[in-house]
Amino acid sequence: MLNLLFNINTIMYTFPLAGWDGNTYSMSYLEFWVVILNLWSVIAFRKNSIWAYPTSIVACTGWAVMAYQLNLYSDQLLNLYFIGISVVGWVWWCQKNKDGSDKYKIQYMDRKSQVLTVVGLVIGVIVLGTYIDTIFTALATPVVYLLGETYTHVPASLPYWDAFTTVTSFFAMYLLTKRRVESWYLWALVNIVTIGLYAFRGVYFFSAEYVIFLGNAIFAAHQWHRLANVQDCVQY
């Protein structure tokens, strides 16, 4: 059962796809259920629903497994972070003020916070893109050793593009847990790059999902902008 659900080489269905190798595309069970749960969670986040978090935790677990099998190490580390921050965000979104209103309301950051976020993004992409193989090897080797297995590192695919989606998603998810409108602008950027990244790796069903994510992010940014009190900028 685990091999069925968590192995990207266990094929669920083969689609006809002109121009692809053999004119078909094979979709795994892993890719299918991760896509469905990811789609469910991002729509729930747009609707400001607390149920986004448990769905996200399960989806990110599967996504981390798939990213490892595709040698997208930044994405794997990112999804482990998503699991942790989703637990924190779940707690934050449950918190209420004495009058029963949400403690964390939908609103914008102030200008200083916006500038610091951009600077952090640039520095993070450069550092992670340069050292991702070293970082992942240092983290993976002791874990594999404890499991009694051998580990052979395969260099990361597209390290700087991978690092861009990782670092931007890191900030976007944190801002989402704080209910900041800017989180959806960052998610839109992540979705644009990820569409090309996963298409390049041949995971077309997953890539197609990000086209939907992009539309959801744009729609969410519009919705959250209307809900935000623009005059009440806060610092995160």
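Whatever comes next refers back to the structure up there.
This text gives an overview of the structure that appears in the document.

Analysis parameters
Residues numbered from 1 in each chain as written. Predicted model: local features only at pLDDT ≥ 70, side-chain atom pairs only at ≥ 80, totals over all residues. Heavy atoms only, no water. Helix = DSSP H or I, 4+ residues; strand = E, 2+ residues; numbered from the N terminus. Buried < 20%, exposed > 50% of the residue type's maximum accessible area, 1.4 Å probe, protein only. Areas by Shrake-Rupley, 256 points an atom, 1.4 Å probe, with all protein chains shown as cover. Patch = residues over 30% accessible without salt bridge, like charges linked within 9 Å, V, L, I, M, F, W, Y side chains within 5 Å. Salt bridge = Lys/Arg side-chain N within 4 Å of Asp/Glu carboxyl O. Polar contact = N/O pair within 3.5 Å; in protein donor to acceptor, adjacent residues only side chain to side chain. Contact = heavy atoms within 4.5 Å. Core = buried A, V, L, I, M, F, W, Y, C linked by side-chain atoms within 4.5 Å. 1 Å grid on protein atoms, 1.4 Å probe; cavity = no way out; pocket = protein on both sides within 12 Å on 5 of 7 lines; lining within 4 Å. Points joined across faces, edges and corners; volume = space filled by probe spheres on them.

### Concerning the overall build of the protein
Next, step 1: The secondary structure content of the protein amounts to 8 helices and 2 strands.
Next, step 2: Written out in order from the N terminus, the α and β elements of the protein read α-β-β-α-α-α-α-α-α-α.
Next, step 3: Of all 236 residues assigned to the protein, the portion counted as buried reaches 47%.
Next, step 4: Of the roughly 12,300 Å² of accessible surface on the protein, a fraction of 68% belongs to carbon and sulfur atoms.

### A look at a nonpolar patch on the surface
Next, step 1: A grouping of Val115, Val118, Val119, Val122, Ile123, Ile126, Val127, Tyr131, Ile135 and Leu139 is seen on the molecular surface, where their side chains present a nonpolar patch of about 880 Å² in accessible area.
Next, step 2: Position of Val127 relative to the elements: it lies in helix 5 (residues 111-146).
Next, step 3: On the basis of relative accessibility, which here comes to 41%, the residue Val127 falls in the partly exposed class.

### Observations concerning the side chain of Thr194
Next, step 1: Its place among the elements puts Thr194 in helix 7 (residues 182-200).
Next, step 2: Taking relative accessible area as the criterion, Thr194 reaches 3% and is therefore assigned buried.
Next, step 3: A distance of 2.7 Å separates a polar atom in the side chain of Thr194 from the backbone oxygen of Val190.
Next, step 4: Thr194 has contacts with Thr165 and Tyr210, leaving out every residue within four places of it along the chain.

### Some details on the nonpolar core
Next, step 1: Formed by 55 residues in total, the largest nonpolar core has its most connected members in Phe45, Trp63, Phe82, Met173, Trp184, Trp187 and Phe206.
Next, step 2: Of all elements in the fold, only helix 2 (29-46), helix 3 (52-69), helix 4 (73-94), helix 5, helix 6 (159-177), helix 7 and helix 8 (204-227) reach the threshold of two or more residues within this core.

### Thoughts on empty space enclosed by the protein
Next, step 1: All chains considered together, the criterion is met by 1 cavity of 30 Å³ or more.
Next, step 2: In this structure, the largest cavity spans a volume of roughly 300 Å³.
Next, step 3: Counting residues per element, the ones that place at least two in the lining of the largest cavity are helix 2, helix 3, helix 4, helix 6, helix 7 and helix 8.
Next, step 4: Counting residues per element, the lining of the largest cavity draws most heavily on helix 7, at 6 residues.

### Observations regarding unusual backbone geometry
Next, step 1: Positioned with a positive phi, Asn48 is a non-glycine residue whose angle comes to about 65°.
Next, step 2: With respect to the secondary-structure elements, Asn48 resides in the loop between helix 2 and helix 3.
Next, step 3: Even without a glycine there, the phi angle at Arg179 is positive, about 60°.
Next, step 4: Among the structural elements, Arg179 can be located in the loop between helix 6 and helix 7.

### Notes on the layout of surface pockets
Next, step 1: Approximately 170 Å³ is the volume found for the second largest pocket.
Next, step 2: For the lining of the second largest pocket, the secondary-structure elements that each account for two or more residues are helix 4 and helix 6.
Next, step 3: Considering every element that reaches the lining of the second largest pocket, the biggest residue donor is helix 6, with 4 residues.

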